Amino acid sequence: VPRIVILISGSGSNMVAIADAVKNENMEAEVAAVICNRPEAAGLQKARDRDLPVVVLDHKAFTSREDFDRALMAQIDEFAPDLVVLAGFMRILTADFVAHYHGRMLNIHPSLLPKYQGLNTHQRALDDGESEHGVTVHFVTEELDGGPNVIQAVIAVNDDDDANSLQQRVQLQEHVIYPIAVKWFVEGRLSMIGNHARLDGNVIPATGLQ
Ligand code: GAR
């Protein structure tokens, strides 16, 4: 069965959504490992509670980004994954790392990409007076938050929203769309060809499927 390695840095709620979907929605896949760069991350316990193999690789133990990424790559490859899933993995990745997982690494980003790449996406959407906001699953390429979109969920921004309320509603959608994208990939339906994502051979529009 296709093997998935999930990388996390924080609370791990997307990791949980994917792991639970693999288990409960008869996805023909296996979460081979959860790898985390922060020893204090709350997501570690959630992975252990689910009996998933867990590895902590503290980036602070490395002197350079290149050294950390090389060690991370070696660690990931020990689990021979078909798919690498970035689930709140808050590290900028080197070009070599990204190239190594070309076409087999997904990320989730809390905005309607290409809008609001980078950090503080919810506050920035509010500051701009956006009426819609959301979340995107995309293939990872060398461009930060820039690879081809796979799927987006859109939410309406209400007058009384703040960054916290937006984040909470966006996260509910994250837990819906990320398992869908992972399922497509492990079923062999989702691929990246050139700079496009394809589902069942059809090019996915630049916005991602919505
Ligand atoms: C998620 O909301 C994800 O969209 C965001 O981090 C959170 C991780 O939550 N990712 C980024 O900001 C990537 N730049 P989780 O650990 O509970 O899955």
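Think of each chain on its own: its residues are numbered from 1, step by step along the sequence as written. For this predicted model, a pLDDT threshold of at least 70 governs which residues receive local features, and a threshold of 80 or more governs which side-chain atom pairs are given and counted, while totals over whole chains, interfaces and linings are taken from all residues. Side-chain descriptors were evaluated using all non-hydrogen atoms of the structure, hydrogens and water having been removed beforehand.

### Here's the deal with the pairing of strand 1 (residues 3-8)
Partly exposed residues are those whose accessible area sits between 20% and 50% of the maximum for their type, while under 20% is buried and over 50% is exposed, using a 1.4 Å probe and protein chains only. Helix numbering and strand numbering both begin at the N terminus, where a helix is a DSSP run of H or I of at least 4 residues and a strand a DSSP run of E of at least 2. Taken across its 6 residues, strand 1 has 5 buried, putting it largely inside the fold. In the sheet, strand 1 pairs with strand 2 (residues 30-36) via 6 bridges, with the strands oriented parallel. In the strand pairing of strand 2, leucine 7 is matched with isoleucine 35. A crossover links strand 1 with its parallel partner strand 2, the connecting element being helix 1 (residues 13-24), and its sense is right-handed. With 4 bridges joining them, strand 1 and strand 4 (residues 83-86) adopt parallel strand pairing. Paired strands, in this sense, are two strands between which DSSP finds at least two bridges. Note on handedness: a clockwise path from strand one over the helix to strand two, with the strands aimed away from the viewer, defines a right-handed crossover.

### Overview of the site of the ligand
Whether a residue is near a molecule or strand depends on its heavy atoms: it is near if one of them lies within 4 Å of it. The immediate surroundings of the ligand are formed by Gly10, Ser11, Gly12, Ser13, Asn14, Gly88, Met90, Ile108, His109, Pro110, Gln171 and Glu174. In the environment of the ligand, an oxygen atom lies 2.7 Å from a nitrogen or oxygen atom belonging to the backbone of glycine 12. Between an oxygen atom of the ligand and a side-chain N or O atom of asparagine 14, the distance comes to 2.8 Å. To measure how exposed things are, a 1.4 Å probe is used in the Shrake-Rupley method; for residues, cover is taken only from the protein chains shown. For the ligand, whose unbound accessible area comes to 450 Å², protein coverage reaches 87%. Cavity membership is defined here by more than half of the atoms lying within 2 Å of grid points; on that basis the ligand lies in the largest pocket. Contributions of two or more residues to the shell around the ligand are made by helix 1, strand 5 (105-109) and helix 6 (163-186). The residue makeup of the shell around the ligand, split by class, is 3 nonpolar, 8 polar and 1 charged. Here a polar contact is recorded for every N or O atom pair within 3.5 Å, except that within protein the pair must consist of a potential hydrogen donor and a potential acceptor, and residues adjacent in sequence are included only if both atoms are side-chain atoms. Put simply, the grid is 1 Å and covers the protein atoms alone, a cavity is a trapped set of points that fit a 1.4 Å probe, a pocket is an open set with protein on both sides within 12 Å along at least five of seven lines, and lining residues have an atom within 4 Å of a point. Placement in a cavity or pocket follows one criterion, namely that more than half of the molecule's atoms lie within 2 Å of its grid points. Basically, the charged four are Asp, Glu, Lys and Arg, the nonpolar ten are Ala, Val, Leu, Ile, Met, Phe, Trp, Tyr, Cys and Pro, and anything else, Gly included, counts as polar.

### A short note on the UniProt feature "active site" (unreviewed entry) in the chain
UniProt positions are given in the numbering used here, feature names are shortened, and annotations may be inferred rather than shown by experiment. Cross-referencing UniProt, the feature "active site" (unreviewed entry) maps to His109 in the present numbering. Checked against the element boundaries, histidine 109 lands in strand 5. The exposure class assigned to histidine 109 is buried, which follows from its relative accessible area of 5%. Here histidine 109 is in contact with Tyr116, Gln117, Gly118, Thr121, Val135, Thr136, His138 and Asp145, once residues within four sequence places are set aside. Whether two residues are in contact is decided by their heavy atoms, any of which lying within 4.5 Å being enough.

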